[in-house]
Amino acid sequence: MTQPSLLTLLTERETAAGLAVERLRAQIASLDEQLTAAETEVAELAITRKTLLSLGGPLDAVAPADPTIASPAYQQILAVFHAGTAPMRAKDICKALGAGTTAKDTENLRAKLKRLVARQILTEPDAGLFTLAPPTTSA
């Protein structure tokens, strides 16, 4: 009686393992498709950049020269300021970005806001209140 029950258990485990293998193969196929699409996009963007640079004209007069400010995180923060009209606190910006509002989250964002103030992109008219800096005029 022990042998049939062991064979039954073995068959069940083999079936479960086979199903897991098929599920993982499907996930690999999906990830492979996503990877191919992302690699294609990177290559196309590189070709576009190369083409634009070869034309010799200015690429984007408003693109920030500072790579930190050009990062997506800072661009999202600036988008919140461009959409708003009143000065905002770090917690309000966290909420607008859909980020967490714990002390750690707001302090992390506050550090970014202070960097933007140091670069004269934002101003801090009152302690903890941030707003876009007025545009500077070139002489």
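Residues numbered from 1 in each chain as written. Predicted model: local features only at pLDDT ≥ 70, side-chain atom pairs only at ≥ 80, totals over all residues. Heavy atoms only, no water.

Peer 1: Describe the overall build of the protein, and please don't skip the residues or the numbers.
Peer 2: For the protein, the helix and strand inventory stands at 5 helices and 2 strands. Each helix and strand of the protein, placed in order from N terminus to C terminus, yields the pattern α-α-α-α-α-β-β. Looking at the protein alone, contacts between residues at least 24 apart form 38% of all its contacts between residues at least 6 apart. Per element, the accessible surface of the protein, about 10700 Å² overall, is 61% carbon and sulfur. (Helix = DSSP H or I, 4+ residues; strand = E, 2+ residues; numbered from the N terminus. Contact = heavy atoms within 4.5 Å. Areas by Shrake-Rupley, 256 points an atom, 1.4 Å probe, with all protein chains shown as cover.)

Peer 1: Quick rundown of the pairing of strand β1 (residues 122-126)? Include the residues and the values.
Peer 2: Two strands pair when backbone bridges link them, and β1 and strand β2 (residues 129-132) are joined in this way by 3 bridges, in the antiparallel orientation. Within β2, the position partnered with D126 by the bridge is L129. (Pairing = 2+ DSSP bridges.)

Peer 1: Explain the pattern of salt bridges to me, using residue names and the numbers behind them.
Peer 2: Under the defined criterion, the tally for this structure stands at 3 salt bridges. Two residues, K114 and E124, come together in a salt bridge whose shortest N-O distance is 2.7 Å. Placement of the pair is K114 in helix α5 (residues 103-118) and E124 in strand β1, with a sequence separation of 10 residues. Note on K114: relative accessible area 39%, which makes it partly exposed. For E124, a relative accessible area of 27% gives the class partly exposed. (Salt bridge = Lys/Arg side-chain N within 4 Å of Asp/Glu carboxyl O. Buried < 20%, exposed > 50% of the residue type's maximum accessible area, 1.4 Å probe, protein only.)

Peer 1: Tell me about the side chain of K112, and please be specific about residues and values.
Peer 2: You can see K112 is positioned in helix α5. One buried charge, K112, has no salt-bridge partner; the nearest side chain with opposite charge is D105, at 9.2 Å. Look past the residues within four positions of K112 in its chain and what remains in contact with it is A73, Y74 and I77. (Lys, Arg positive; Asp, Glu negative; His and termini not counted.)

Peer 1: Residue-level account of the side chain of T106, with values.
Peer 2: Inspection of the secondary structure assignment puts T106 in helix α5. The class for T106 is buried, based on a relative accessible area of 8%. Among all residues touching T106, those that are not within four sequence positions of it are A90, K91, C94 and T101.

Peer 1: Could you give me a rundown of the packing of helix α3 (residues 72-83) against α5, with the residues and numbers involved?
Peer 2: The N-to-C vectors of α3 and α5 enclose an angle of 80 degrees; their axes lie 11 Å apart at closest approach. Accordingly, the angle class assigned to the pair α3 and α5 is roughly perpendicular. Where α3 abuts α5, its residues A73, Y74, I77, L78 and F81 lie against L109, K112, L113, R115 and L116. Across the contact of α3 with α5, the residue classes break down as 8 nonpolar, no polar and 2 charged. (Axes fitted to C-alpha atoms, helices over the stretch in contact; angles between N-to-C directions. Parallel < 35°, antiparallel > 145°, perpendicular 65-115°, else oblique. Nonpolar A, V, L, I, M, F, W, Y, C, P; charged D, E, K, R; others polar.)

Peer 1: Any details on unusual backbone geometry? Residues and values, ideally.
Peer 2: A positive phi angle, close to 60 degrees, is found at Q120, a residue other than glycine. Tracing the sequence through the fold places Q120 in the loop between α5 and β1. Look at Q120 and you get exposed, because its relative accessible area is 62%.

Purely geometric numbers; function is a separate question.
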